[in-house]
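Architecture at a glance
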There are 2 protein chains.
Amino acid sequence: MIDSRLHVLRVVATRGTVTAAARDLSYTPSAVSHQLRGLARDLGVTLLEPDGRGVRLTAAARILLERSDELYARWEEIHAEVAEADPEASGAVRLCGFSTAAAALLPSVAARVRLVHPQSTARIIEADPAECFDLLLAEQADLAVVIAVPGLPSTTDPRFEQESVLDDPLDLLVPADHPLAARSSVLLREAADESWILDRPGSTFHQLTQTACATAGFSPFVAHEAAEWETGAALVDAGLGVSLVPRLARLPGGYRITRVPLRGDPTPARHIRSSIRRGSRRQPLIATALTALGEAARRTTAGGPAAPSYG
Amino acid sequence: MIDSRLHVLRVVATRGTVTAAARDLSYTPSAVSHQLRGLARDLGVTLLEPDGRGVRLTAAARILLERSDELYARWEEIHAEVAEADPEASGAVRLCGFSTAAAALLPSVAARVRLVHPQSTARIIEADPAECFDLLLAEQADLAVVIAVPGLPSTTDPRFEQESVLDDPLDLLVPADHPLAARSSVLLREAADESWILDRPGSTFHQLTQTACATAGFSPFVAHEAAEWETGAALVDAGLGVSLVPRLARLPGGYRITRVPLRGDPTPARHIRSSIRRGSRRQPLIATALTALGEAARRTTAGGPAAPSYG
DNA sequence: GAGATCGTGCAATCATCTTGCATGATCGAT
DNA sequence: ATCGATCATGCAAGATGATTGCACGATCTC
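Note that residues are indexed from 1 along each chain, following the sequence as it is written. As they are written, the chains are lettered A onward and the ligands numbered 1 onward, keeping that order. Residue-level local features of this predicted model are given only where pLDDT is at least 70; pairs of side-chain atoms are given and counted only at 80 or more, and the full residue set underlies all totals for whole chains, interfaces and linings. Heavy atoms throughout the structure, all of them, feed into the side-chain values; hydrogens and water do not.

So, about the protein's contact with DNA strand D. Among the 19 residues in the neighbourhood of DNA strand D, the closest are listed as Gln35(A), Val18(B), Thr19(B), Ser30(B) and Ser33(B). Pairs of N or O atoms within 3.5 Å make up the polar contacts considered here, provided that, within protein, one atom can donate a hydrogen while the other can accept it, and that residues adjacent in sequence are counted only when both atoms are side-chain atoms. With respect to DNA strand D, the side chain of Ser30(A) contributes an N or O atom lying 2.9 Å from a base oxygen. Listed by contribution, the elements that provide at least two residues to the surface near DNA strand D are helix H3 (29-43) of chain A together with helix H2 (18-25), helix H3 (29-43) and strand E2 (54-57) of chain B. Here the nonpolar group is Ala, Val, Leu, Ile, Met, Phe, Trp, Tyr, Cys and Pro; Asp, Glu, Lys and Arg are the charged ones; every other residue, Gly included, is treated as polar. For the surface near DNA strand D, a count of residues per class yields 5 nonpolar, 11 polar and 3 charged. Here a residue counts as near a molecule or strand whenever at least one of its heavy atoms sits within 4 Å of it. Helical segments are the DSSP runs of H or I of at least four residues, strand segments are the runs of E of at least two, and each set is numbered from the N terminus.

In this section: the relation of the copies chain B and chain A. Each copy is superposed on the other by least squares, with the fit set by C-alpha atoms of residues at a pLDDT of at least 70 in both. The two copies are related by a screw motion: chain B maps onto chain A through a turn of 179 degrees and a shift of 0.1 Å along the axis, at an RMSD of 0.1 Å. Overall, the copies show the geometry of a two-fold rotation axis. Relative to the rotation axis, the closest C-alpha in chain B is found at Ile2(B), a distance of 2.4 Å. In what follows, residue pairs with any heavy atoms lying within 4.5 Å of each other are defined as contacts. Both copies present the same face, since 97% of the interface residues in chain B are matched by interface residues at the equivalent positions in chain A.

This part takes up helix H10 (residues 284-299) of chain B. All names here are of chain B. The span one expects for a helix is its residue count, reduced by one, times 1.5 Å. Its 16 residues place the ends of H10 22 Å apart at the C-alpha level, agreeing with the 22 Å of an ideal helix rising 1.5 Å per residue. Only protein chains enter the accessibility calculation, which uses a 1.4 Å probe. A residue is then buried if its area is under 20% of the maximum for its type, exposed if over 50%, and partly exposed in between. Within the sequence span of H10, burial applies to Leu285, Ile286, Thr288, Ala289, Leu290, Ala292, Leu293, Ala296 and Ala297. On its buried face, H10 sits against strand E3 (91-97), helix H6 (106-116), strand E4 (120-126), strand E5 (143-147), strand E6 (160-175) and strand E12 (269-277).

With that settled, consider the packing of helix H1 (residues 4-15) of chain A against helix H4 (residues 59-85) of chain A. All names here are of chain A. Relative to each other, H1 and H4 sit at 125 degrees, their axes nearing to 10 Å. In this view, H1 runs oblique relative to H4, as classed from their interaxial angle. The interaxial crossing formed by H1 with H4 has left-handed handedness. Taken together, the residues of H4 that come into contact with H1 (itself represented by Leu6, His7, Leu9, Arg10 and Ala13) are Ala61, Leu64, Leu65, Ser68, Asp69 and Tyr72. For the contact of H1 with H4, a count of residues per class yields 7 nonpolar, 2 polar and 2 charged. Under this scheme, a helix contributes an axis fitted over its contacting stretch, all axes are lines through C-alpha atoms, and angles between N-to-C directions fall in the 0 to 180 degree range. Small angles under 35 degrees read as roughly parallel and large ones over 145 as roughly antiparallel, with 65 to 115 read as roughly perpendicular and the rest as oblique. Note on convention: near helix rotated counterclockwise from far helix by under a right angle means a left-handed crossing. Clockwise means right-handed.

Here is the structure:
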């Protein structure tokens, strides 16, 4: 609704070069260059200046981006008001989230939306947290469920409205015959000397595990890398190490493994947040999805955001 | 910058039918229908409902239009801020106005803009007052100089910012040997029994003359209709009647005619207003043009808006 | 100084929108 | 009630604008 070239400019601003932005947007650098040239012409100002072999945003371009955040938010509010005024508004809501959320939370949200708004459709997109925010901005998704990890937009970012959904506690995954398997709960540092099975470096959960271990005062010895929970479970079953799994992650049966809840202060957990484009809260489909997300979170065995608790 | 389909919807709203809106926009009805269909699809709401053989806007569509006024104004403000941030902003400013303004006021405004902003261009478009507002909304003009006549958007219309520029007093045009020609000023009603030469019915100035005569307490006997000042002057010269001309209108020489200033309370005059899209006041080019317009008004022999005066 | 990376311009290609016409529906007048 | 006029919309063909692929000049790194 608002000129998409503003979004192109925004991506150029965050990525720093036209070429990188083009990659992100699935365009060619030539197309990006052309679009921004046209935008600058329409506005009558210079937006980009050559800077070495890259480009630099002018002051005018930075002001444009800063102010346009508010414009986008205002548009979302208008969209919400308009949708509220139409009793039989149809449309689609697109939910995105990291894998566990996509599996554990979003299906029931989608089902709820379909139930409340029969005219509508709900799509689920599995994506990394950072990618989720890009999807929101590109209007390719309307609601994101992400884990709080460093590098994400802050909760006060004017482009988004974010709120806590759930604290997903972490369990220690050990072989069934492991000394810690009989315990009802353990401190993370009790596993400091174990061999560890982590996700692939660079992944969200790898980072999360490292952070949790660092908080517990040690640095894990990484024996193996497993991208999927299933692989990790198999490796633990084989006695090759221990691992952390979030409570929400459902593990396949058939392995001789045990989940032992972690305790500590605070309890090691993934902080799961919802995020929407600022101003879109009142859109009927999104409002329903947010409510359903909260209910889905409350139904899980994991604790809620305010009072994380377990057994 | 903001989706042009909103403007299409707005024209449909004011004109009442898709076909009429298409005429105004120089589109085919099919194109208008398509655009609004796409807009409704993107928003997920119904915008138009069949109503007889025409269409009716839904409540959602009316809310959309109402709110979008503010969005447009906000965008103009952002545009202004961005342009201010660029010291060498280029661009074009397009000035529109009725014929006399186009001839008497706008050239010096355009010259001033070119002088202050050498990088920029200024275009002048001659258009009727009602048309001027359409040009503003369609972003085909940035500053309009119009006469206050019934049917124009009110001065509080959220889409525009309007202010008085000039009160252009009306003169009575009589043959040089007419009894009133020797007077330094006359009351309009002193010419009540004359034969009158008016502009074509439906034109702005025809309406203005009729209104002035009605205010003076008579209804003029219309002997002839002349669309151009030149034609009117020739008819007066030929002794076929009298006429009203605004002070700003320059008459060609060579006719044996006399302009006699009108007096009265209030002095019969055309109220000339400037109008811009709300929020665009601070755009450098527009700000310069507004200032230059005020100066040009002050330089005229006609009176200013606050203290209309003559001789 | 060589190689790599970057931004931009130009012609060819592709997608999207617009047009023209046909259809179904409604309103007004005879 | 019937005919003609007006209106909105769908579909295929055509036009307009955007994107691509490639080339060039400039810049940075080793």
